[in-house]
Every structure is written in structure tokens, then in C-alpha cells.
Amino acid sequence: MTEISSPDPRSRRRLYIILTAIAVVVIALIAGSFLYGSSVAGGKASDYDHDYASWRTKQKPILLSATATVPKGTYLKSDANTVKALATQTKGCDTVAAERKKLVTAAGRLPTMGTSGLLGKLNSDYSDARERSDRRAKIVHAYVKSASAKLAQIERDCRWNIGVNKSAVEPDKLWSSSKKYAMKPGDTEPGGIFCAKGKDGCVSSIAKKKNKYADLRIKAAKLYRAAGVKFYNSKECRATSYGSACDVLFKTSDAYQKLQLKNYQYVRTMKSSVNNANLPKHNKALDKLYAADLPKVKKAVLALDPALKKDKTVRAYPKWSDHFFARMAKLLLADLKDQRAALEKL
């Protein structure tokens, strides 16, 4: 019978030493990895703070300046149809578009901490920095989303408004040119016709002057009406801040231009302006139509925003697009007040 020999005590000691050494190495590796990971995490947190400080100095002001105010010249209070005025408006509108692009670009440069959860467990500085990063990103992205939408609306408004103003250049010239063929207040012409003082002018009793006057007014009225159809009766108008009011604006404008065109077509074909009772009758009908339609336009425009009811100019001249859009632009930017305040605190 064969006996089983017991292990050599020296072999057991060697095995124990080897296992102990392996354990020490593993523990050292784990500890080293932890210390290295913690150091890396701390370095990333430090790098983030440095990068954010740089972004805060260089890029954050771009975000705030983009919505600080409507660029000067985007909307004008008077003489908006001249070449110089249209160039000024275009420059202002281009600035709005440029600010929007700069806004998005600056926001895209915002540094972040990434999504590594393990490093946060290794180093509290990293986890704290990540919390700051997430909070800042949330505020910046929310602001940029709203600000970009507001600026896009302002750009749509000013582009459309420039188109409207530009469309009035040619008919305005024709209208102005026609005045030299009309009688001036205080004038008297053959047939005993007298143009009373205080009036803008009267239809001449001289056929050649009367016809030239009517021809120019007819051309102007046709162009005004065509522009109304193009701009107010369109999806582009409904995409502006006028929105649902475009339908009323179009219908009232078109009705007015149709009647005005009809009136001047009568002037062109009538035999004489001397003691012609239809002339004042037609003028009164046009004034009556305007007076009847103005409350409709006012109601539709003031319904777009409660703040408009406090604007005396909008209430008095609801069809004045330059002032309306200037007011709406300020309201759009004012809506960003809370988000701007949150961004300023970052």
C-alpha cells in the first residue's frame, strides 16, 4: 500500500509568498489606477474651468449683444421708400441675420464636461464641474433656441417690409408726377373752374392735362393694387408678425385700390371737370370706404398682441407697417428678458 506524502513546508511558504506578491501588485495597480484616474479627472475639471472662463469672456457677450436691441435703421419713421432709405433698411435687416448666425456659432463653442460617470466617482472636482457644465449648457441652449427664433421672426418681418416699401417706389413716382397736371389750390382755369384753397389739388378743365393726370394715377393705382395682392395676399405675409391680420389688410387695401382705380378711370373718360358733381361724389365714397374699413384693420392688428393696444401710433395708424414691425421687434426681444437674466448670471 502506497503512502501519500504530505506537502513540503518549504513549498507552501513559496506559494504563500508568490500569492502575497501578486496581491500586493494587484492592489498597487488598482490604487495607482485610482490615483491616476482621480488626477486625470481633476485635470479635466481644471481644463473645463479654464475653457469656460475664456468662453465667458469672448463668446457670452456675443449671445447677449445679439438680442440687446433692434439694429438701427431696420425700420424708419418716414421716407422709407427712397433709395437711401431702402439701403439703410436692408443693412439693418442683414445685421439681424448676421447676429443670429453669430449667436448660434458662439453657443456652439460652449465647452462641456462630457458624459463620463466613472471619472465623477473618482474625483469630486470633476463631478462638481460636470454639474456646472450641465447647468450652463441647459441655460445657454434654452436661450439660443428662443433668441434664434425671435431673430428669425424679426428678419422675416423686415425682409417682407422692405419688399412692401420697395414696391411703392414706382407708383409713388407716378403719383407725384401727376400732381403737376392738376390744378393747384387757388388756380382758375377756362370754364370758370376754381380750385379752392386748402385742397390738395383739383382735376384740370383742360382735356390734355386732365387725361395725362388720369393716366398717371391709373398706372399708379394698378401698381399699388398689384403690390397689395403680391404682399398681403400671401403666405409670406402670414409668416410675418401680421399673421392672421393679413387677410383683413389685403381685403381692405384691395377694395380701396379698386375703387380708387375706378374713380380715375372715370376721370380719364369724362368729358369735362367743370361743374362735375361726380368728382366730389367719388371722393366722398373713397373717404367713406376708408373710414369704414379702418376699424376692421385696427381690430385685427390690435388683437395680435395685448401690448399693441397701449401704442397710440399703432392704434391711430394700424396699416403703417414700419412702425408696427418696429414695435413687434421690441416686444419679441422683450420676451427674452428672463432668459437673458439667467445667461448674464453665468
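Look up a bit, the structure's there.
This report concerns the structure included in the present document. On a predicted model such as this, the values are computed, not experimentally measured, just so you know. (Residues numbered from 1 in each chain as written. Predicted model: local features only at pLDDT ≥ 70, side-chain atom pairs only at ≥ 80, totals over all residues. Heavy atoms only, no water.)

### Examining the overall build of the chain
- Counting its secondary structure elements, the chain contains 13 helices and two strands.
- Counting all 346 residues of the chain, 38% fall into the buried class.
- Taking as baseline every contact in the chain between residues at least 6 positions apart, the subset at least 24 positions apart corresponds to 70%.
- Carbon and sulfur atoms make up 57% of the accessible area of the chain, which totals about 20,700 Å². (Helix = DSSP H or I, 4+ residues; strand = E, 2+ residues; numbered from the N terminus. Buried < 20%, exposed > 50% of the residue type's maximum accessible area, 1.4 Å probe, protein only. Contact = heavy atoms within 4.5 Å. Areas by Shrake-Rupley, 256 points an atom, 1.4 Å probe, with all protein chains shown as cover.)

### A look at the state of the cysteines
- With the rule as written, the count across this model stands at two disulfides.
- At a sulfur-sulfur separation of 1.8 Å, the disulfide partner of Cys93 is Cys158. Looking along the S-S bond of the Cys93-Cys158 disulfide, the torsion reads about 75 degrees, which is the right-handed sense. Pair noted here: Cys93 is in helix H3 (residues 83–108) and Cys158 is in helix H5 (residues 124–167), with a separation of 65 residues, a long-range link. (Disulfide = S-S within 2.5 Å.)

### Some details on the packing of aromatic side chains
- All told, the structure shown has 15 aromatic pairs when counted by the stated rule.
- Centroid distance Tyr75 to Phe325: 6.2 Å. Interplanar angle 20 degrees. Geometry classified as stacked. With Tyr75 in the loop between helix H2 (60–65) and H3 and Phe325 in helix H12 (residues 321–334), this pair connects stretches of sequence that are 250 residues apart. Phe325 carries the same exposure label as Tyr75, and that label is buried.
- Grouped by ring-pair contacts, the aromatic residues Tyr75, Trp160, Phe231, Tyr232, Tyr242, Phe324 and Phe325 constitute a single cluster.
- Above the face of the Tyr52 ring, Arg136 is positioned so that its terminal group lies 3.7 Å from the ring centre. (Phe/Tyr/Trp six-rings, centres within 6.5 Å; stacked < 30°, edge-to-face > 60°. Lys NZ or Arg CZ within 6 Å of the ring centre and 35° of its normal.)

### Quick notes on the pattern of salt bridges
- Tallied over the full model, the rule gives 13 salt bridges.
- Here Lys296 ties to Asp293 by a salt bridge, and the two come within 3.4 Å at their closest N and O atoms. Placement of both Lys296 and Asp293 in helix H10 (residues 278–302) is noted, with a separation of three residues, approximately one turn of the helix.
- Judged by relative accessible area, which is 8%, Asp293 ranks as buried.
- Salt bridges sharing common partners tie together Asp94, Glu155 and Arg159. (Salt bridge = Lys/Arg side-chain N within 4 Å of Asp/Glu carboxyl O.)

### Focus: the environment of Val164
- Assignment of secondary structure puts Val164 in helix H5.
- For the pair Val164 and Ser321, spaced 157 residues apart in the sequence, the C-alpha separation amounts to 8.8 Å.
- Those residues in contact with Val164 that sit more than four places away from it in its chain are Phe231 and Tyr232.

### Examining the environment of Ala292
- One can find Ala292 in helix H10.
- Here the alpha-carbon distance between Ala292 and Thr252, two residues 40 residues apart in the chain, equals 9.4 Å.

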